[in-house]
Every structure is written in structure tokens, then in C-alpha cells.
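Read off the chains here:
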Amino acid sequence: MGSESIPSSIIQLSTVDKVLELGRANSLWPMTFGLACCAIEMMAAGASRFDLSRFGAEVFRPSPRQCDVMIVAGTISKKMFPAVKTLYDQMPEPKWVIAMGNCAISGGPFKFDGQYGIIEGADTFLPVDVYIPGCPPRPEALIEGILELEEKITGNRRWPRVESGLSQP
Amino acid sequence: MNKANVIQELRALASEGMPDEPEVAAVVEQASPEGEEGAAPKKAAPPAPRKNGVLEVDYAGKGVHVDAQVKADQVVRAAQILDEAGMTLEAITGVDWINDKELEVVYDYSYTGGECFRVVVRARIPRDQANIPTISEVFPGANWHERETFDFFGIHFEGHPQLEYLLLPEDCDFHPLLKDFKGC
Amino acid sequence: MSSQALSQNKERFELNLGPQHPATHGVLRVKLLMDGEYVVDAEPVLGYIHRMHELMGENRTWAQYLPNMGRLDYLSALSYNLGYVELVEKMAGIEVPERAEYIRVITTEMNRISSHLLWFGAFVLDLGGFTPLLYAFDDREQILDLLEAVTGSRLTYCYFRFGGCYNDVEDDFLSGCLAFIKRLRARMPMYHNLVTKNVILRQRLEGVGPISAEMCRKYGATGPVLRGSGINYDVRKNEPYSVYPELDFDVPVYHEGDSMARYMVRMDEMDQCMRIIEQAIAKIPEGPVRAEKVPKMIKPEPGDYYHAVEAARGTFGIRAVSDGKNQAYRMKLRSPTFSNLSLYQEASKGMLLADALALMGSLDLVIPEIDR
């Protein structure tokens, strides 16, 4: 994992690319795109206790033109869907998408037979890179998602993964 | 504010246009042996349709003090009576009684000036011709409540300044809380 | 004030605020017709987070609907839980043990403080001050730790059940609440000295966005919006439920009707919440936390029922129509912010754009609650 193909790039500079990837991964600028309850946990992740700033990701920009990563936090309703697509299209490359919360992954608790109002998952129309399950996921889960995304970009994980130590059944 | 006054005025309103007493009494005898103003029978099934009128109900059990049923074209006068008494509109609910082929519009009013007093006003309209006058002249807050009820039930509020979809997308063409809505 | 500005048609243009915007606290879109810097007409457009709660009320049993209540207004989810379980208990005639009632009040009031803290941080953020948000979140995390130990969740609580609470609270929860109150009481003077008495905040809020009591009545606005306009109405005092009659607290009322009044109402409400929690902790009895005989299938008498509680944003009411089955026939949720926002179009006419946003922040909006 961690290889990112840039097919349209004519010039491939391997070491410089690695430095660029490191720079991009360690300073991901998310877009303030909180739709519903997960937005509050995203705010809490950026606030004093959980502090996304340690990972370079505290600069939540309202404008999509200045962002790297779109954290889809919340339920995407059918009325909101064109706006989400437009915002994603307005982000400049390279860009990534994190689907945060059950609603962004698959519709969450609002997916039922006969539902008329929501899009069942952000990956039906966006290329999602990282999925963070939870309803809402803890801020630590969002930080883990950012670390996963960093690993996807650079190939290396910044923080060693802590195993739970429980024995396998 | 004078609770008894409000109840009396609502009673007077609800009894306008009601059939003469003997006919009411005959119908009531068939339904249930209760007062002449018309009452919903306490037994579960089969309930006779409730006649227009005002009931004073048990607040602890139902959450309201006065329950009034009026005709569809009387809702504006009911809103005016309650507005003059200083009450506020809390909510407008639509209910789809598909078995009776009727839609019901329920207005919840409450008094915020001191003592607790809640009034609910209902009106029934036929399902295939769901028109009812708007009360947004009396209570501007009803503007959005009526738009929401239109969203979910397709009830047309006559005289409403902007009867468009509020919660559903603008290009929507269905009314989801009707009982025969099957999803889309 | 701006009549000469409004008469110049050449400066008019349409501006779209949202649905993705840092100041709208959710996905709210406001179609602004601007005349230079002045708002001619601000029309809120809703529905961008419409999640079909009322349809789900008809498809779920009474018990299966409990998690939905936490997703309506996730910031003060326990008030919504409380309103719903009290409605079902009213319909089914279930008695709640006293310890459970006290636990409900304590957790609901802690949740109310956390909701007001977040409102405080986000409101000052809208006005341009970033730092109070971090301090408010710090205090809020302490509350969330305490509530997480008891309920299991940080945000979208589903802690109450019909007839009581899910599980009992330990003594260290109660002592933790008292320790937190002591800490917050010591920090409130800092908030007041640095933020409330700040000359920039006062100039941004005093006199901005006046809402009269008559306008509140016509639009059905409740909660701090109504209390900031001089009307003393709080469902916990006027139509008491749970054990609030046994607790002694004041209802802060300010008469100016501007954004500063609404701000002060919420700041004072936090103090009153702390008083309520202290008294409830002193009075909480021992006993069970769930009623003994709660029917597995709740089949109320056919008819409709209404119950209202005081959420952090106003009067939350539920009208449930039952036809005798284990599901509701119609579940109508009366959300306070819906009515509070409906007066925005009239109240913001002729204001400067920055003032219009200050007014919107002072209404304390949570959009998923409006759209349901």
C-alpha cells in the first residue's frame, strides 16, 4: 500500500516525489464539511484535547480550492448530493476522501426499505480512500483514519500500530 | 387570559354549521351515549367518526387541555380566537387516515404567558381534494409548518404565499408520509 | 437605518450562503438578496439533511425508535430522549422509579451544559474569536468523559429506556459531576471577563437583531430566544415533568431582545443547570433504576398524545398518533429550532451581513433538528 499512480505525469522524480508525498501526508488540509452529528466529533478532534494539529491537519479550510482532503462527516441527502459532488470537483489534485461515520459509509441508521431521502454511502459517487466506521466515531478514530491516509500516501505509518494484546480465539 | 372564554368561543365556532339537535342526538345514540356536543367513544373498536366539537381532556394522559374539532373552513377563525387570547402556535401536523379516505390537519397551540394551557384544533379534509385555508395571516409561523405539511401529505393550503417544498428537494414530486407511498 | 441604502437598486445582488459554510452550523442554505452590505431579504432553504425521522417513526416499533432521538439534536440528545420516553410512559402508564428520575435529570442537565458550551464556542467563532472554542471544548470534554462512563456514548446518547435508565450510575459519577461543577464555576468568571465583558463582543451583539416578544409569539419561538425577549416561559417551570418541581432553580430572563440578551440567557442557564445538578445529587435516593413491569410490546390506546420538554434550544414536543399497534401511526416531532429559524427572514431585514450572521448564531441552530 502507499503507491500512488499519477498516470498523467510525464516526469517522475522518485526521491523528489517521496519528499512531496511526505509533505502532502503530513500537512493534509481538510475541508470543513461537517454535515451532521459526525461534524461535532470532527470539531472535537480539531479542538484542544485530541488536537489534529499534531498531525498537521488542523487547518480546516472552508474553501475547496485550498484543501487536500474532504472528510465527509455525516449523512448525504439527495438534496445535498449535487453540492458534495461540486465541492469534490472543485478541489484541486491531489485530493483524497475520508468517509467518516456510518452514514457516509453506507447510509448508516437511515438506510431502510422505502427510504427516499439519502444517498447510501459516499462511495457511490466519490472515490473514498479511508472509511471510519462509528456512529459517531470517536475523535481518536478520526485521527487513526488520518494516519491511515498518511500511510496510503507515503507507504509508511507515522505512528506504530498498537495491537490490543488480546489473544486470538 | 381567560380559559373559559376561549373554550366557550371555540364551542360556539365548532357548533356552527352542525346539524340540528335531534339529528345529532340520534347519531350520538347509535355511536355512544355521551354528551350532546359529540364525543369520541372510549371503546377501542369500531370507533364512530368524531363529530365537530370541543372536549376538555385529561392533561396528564393526553398532554393537552382542550381538544377541538372544527370544519376545514373554520380553522382560520379558530386561529384568530386563540391569537386574541395570546396563545402561540407550536406545531401543525398532518395525519393520513387512509381507511377513512381523509386527511387530518392538527394544530397545536400553547400559552406561554404564565399558566399552562394547551389547545389542539383539528380539521378533516377529504383525501382526494385536500384543500384547507392557510392560517399564516394570523400566525406567520404557520408558513413553514404548512409548507412542511404540504411536503409530506400534499395538502394544499389556500392563500399560502409560498407553497413550495421545504424539506424535500425542489424538483420532488412525491409526498412521502402518505400511507400509500411506496418509496422511490 | 439603511433606508437610503435600500433605495439604490443598482447595488442589489443575490448571494448564496451555504449549504457548506463554516457559520451555518450544519447544512443550511440562506438565499440572501443583498444591497451592498445590507440584507434585503434572507430566505433560509432547508432540507439538506432531511433524514426521514418521521417516516422512520411509522416503520419502527416504539422501542426501536429510541436511537433516532439522539440523532435529531445531537448536542442535547438526552433532552430528546427524555421527551420521547416520557411520552411513551404517559401513553402506556409506566411508572418510573425515583432514582431513575433523578439520574435522568442529572444527565440531562449535564448535557444541557455541554450543549451551551458548544454553542458558546461556535458562536464566538462565528464572530471571529477562535480561542474560546478551545476552552469551551476542554470543559465539554470533561462532561463527555463523565457521561460516557455512564451511557457509553459521547454524543448521540440513547441512555433512557421506558421505565427508567439503561443502567445505574456509580458514586464516582456523582462525585465527578460535583468536581466538574466546582471546576466550571471557577472558570465561568474567566469566560465572563474575557468574552462577555469584551468590548468587541459587546459592540457586535448589543442592539443587534432585536426580536420582540410579539414576534416570538407569532412565530412560535421558544427557549432562550423567547427568554431573551422578556417572556418567562420554561417548560420545566410552567409544565413541570420528571422531578423538576422538587428542585429549586431560576429561569433567566432578559428583556432587551437583542443578541446580547440571548447570549446572557444561555450563560446564566449554565449556572442554573449547575444548581439543579447539585440539588439533584444531594437528593438522589437509592433504589431501582428501571420499572419492574415494562411491557415488551407497547400497545397504547388509540388516539393521539402530546408531550413537551425543555431542550437546550426550546420546547421540544412530540405528537404521537397511535392506532393501538406496537408502532406509531404518525410521529410528529416539533423541533424548537424550526420555529426559531422561521422568524429569521423577518428579523434580519435591513441588517448588515455580519450582524445577520450574529443573529443567526444567537438563535443557536442545529440543522438536523430542523430538517428531521
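Since we're looking at a predicted model, the values are computed, not measured.

Looking only at helices and strands, chain C features 16 helices and eight strands. For 372 residues, the compact-globule estimate of 2.2 N^0.38 gives 21 Å, and the C-alpha radius of gyration of chain C, at 21 Å, lies within 12% of that figure. C-alpha extents for chain C along the principal axes are approximately 70 × 50 × 35 Å. A total of 372 residues make up chain C; the buried ones form 58% of that total.

As a further point, take the overall build of chain B. Of the regular secondary structure elements, chain B holds five helices and seven strands. Expressed as a percentage of contacts within chain B between residues at least 6 apart in sequence, the contacts between residues at least 24 apart total 52%.

As a further point, take the packing of helix H5 (residues 98-127) of chain C against helix H12 (residues 259-283) of chain C. Residue and element names in this part refer to chain C. For the pair H5 and H12, interaxial distance at closest approach is 9 Å and the crossing angle is 160°. With respect to their mutual orientation, H5 and H12 come out roughly antiparallel. As for the relative orientation of H5 and H12, their crossing is left-handed in sense. Packed against H5, whose contacting residues are Tyr102, Val105, Ile106, Glu109, Met110, Arg112, Ile113, His116 and Trp119, the element H12 presents Arg266, Glu269, Met270, Cys273, Ile276, Ile277, Ala280, Ile281 and Lys283 at the interface.

Glancing now at the interface of chain B and chain C. The interface is formed by 26 residues belonging to chain B together with 31 residues belonging to chain C. Elements that contribute at least two residues to the side of chain B that touches chain C include exactly helix H3 (59-62), strand S3 (88-97), strand S4 (102-110) and helix H5 (142-153) of chain B. Across the side of chain B that touches chain C, the residue classes tally to 16 nonpolar, seven polar and three charged.

Next up on the list: the interface of chain A and chain C. Many authors give the size of an interface as the accessible area that is lost as the parts come together. Residue-level contacts link 28 residues of chain A with 26 residues of chain C. Looking at the side of chain A that touches chain C, the elements with two or more residues in it are helix H2 (37-46) and helix H3 (81-90) of chain A. Among the elements that take part in the side of chain A that touches chain C, H2(A) stands out by supplying four residues, more than any other. Among the residues making up the side of chain A that touches chain C, the classes are represented as 18 nonpolar, six polar and four charged.

Because each turn of an α-helix spans 3.6 residues, side chains separated by three or four positions end up pointing in the same direction. All names here are of chain B. Over its 12 residues, helix H1 (residues 3-14) extends 16 Å from the first C-alpha to the last, a length consistent with the 16 Å expected when each residue adds 1.5 Å. Within H1, burial applies to Val6, Leu10, Leu13 and Ala14. An end-on view of H1 places all buried positions within 90° of arc, on one side of the element. Counted as exposed and oriented over 90 degrees from the buried face of H1: Ala4, Asn5 and Ala12. Where H1 is buried, its residues meet strand S1 (53-56), strand S2 (66-70) and helix H4 (75-84).

Here the focus is the pairing of strand S2 (residues 29-35) of chain C. Residues and elements named next belong to chain C. As paired strands, strand S1 (residues 12-17) and S2 are joined by six bridges and run antiparallel to one another. Bridging across to S2, Phe13 finds its partner in Met34. Linking S2 back to strand S3 (residues 38-45) in an antiparallel pair, the connection comprises two residues, with Gly36 at a positive phi of about 70°.

Residues and elements named next belong to chain B. Tracing the sequence through the fold places Ala142 in helix H5. The spacing of Ala142 and Thr112 is 30 residues in sequence and 17 Å in space, taken between C-alpha atoms. With residues near it in sequence (within four places) discarded, Ala142 still touches Leu89, Ile92, Thr134, Ile135 and Ser136.

Residues and elements named next belong to chain A. Taken together, the four strands give an open sheet; going across it, the order is S1-S2-S3-S4, and neighbouring strands pair in parallel fashion. Here the strands that pair on one side only, and so sit at the sheet edges, are strand S1 (30-31) and strand S4 (130-132). Note that S1 and strand S2 (residues 69-73) share two bridges and pair parallel. Looking across to S2, one finds that Pro30 is bridged to Val69.

In this section: the confidence of the model for chain C. Residues and elements named next belong to chain C. Averaged over every residue, the pLDDT of chain C is 89; the share at 70 or more is 97%. The least confident element of chain C, judged by mean pLDDT, is helix H1 (residues 3-6) at 52; the most confident is H12 at 93. Our summary of model confidence lists the complex with pTM equal to 0.89 and ipTM equal to 0.90.

Turning to the sheet that holds S3(B), a few remarks are in order. Residues and elements named next belong to chain B. One open sheet holds the five strands; their spatial order is S1-S2-S5-S4-S3, and the pairing between them is mixed. Both outer strands of the open sheet, S1 and S3, are each paired with one neighbouring strand and no more. Direction aside, neighbouring strands of the sheet carry axes that sit 20° apart on average. Where S1 and S2 come together, four bridges link them in antiparallel fashion. The residue bridging Gly53 from the neighbouring strand is Gln69, located in S2. Docked against the sheet, H1 engages S1 and S2, running at close to 25° with respect to S2.

Quick notes on the rules
Residues numbered from 1 in each chain as written. Chains lettered and ligands numbered in written order. Predicted model: local features only at pLDDT ≥ 70, side-chain atom pairs only at ≥ 80, totals over all residues. Helix = DSSP H or I, 4+ residues; strand = E, 2+ residues; numbered from the N terminus. Rg over C-alpha atoms; globule rule 2.2 N^0.38 Å. Buried ≥ 20, exposed ≤ 12 C-beta atoms within 10 Å, placed from the backbone. Contact = placed C-beta atoms within 7 Å. Axes fitted to C-alpha atoms, helices over the stretch in contact; angles between N-to-C directions. Parallel < 35°, antiparallel > 145°, perpendicular 65-115°, else oblique. Left-handed = near helix turned anticlockwise from the far one by under 90°. Nonpolar A, V, L, I, M, F, W, Y, C, P; charged D, E, K, R; others polar. Expected span 1.5 Å × (residues − 1). Arc of directions from axis to C-beta. Pairing = 2+ DSSP bridges. pLDDT = per-residue confidence, 0-100.

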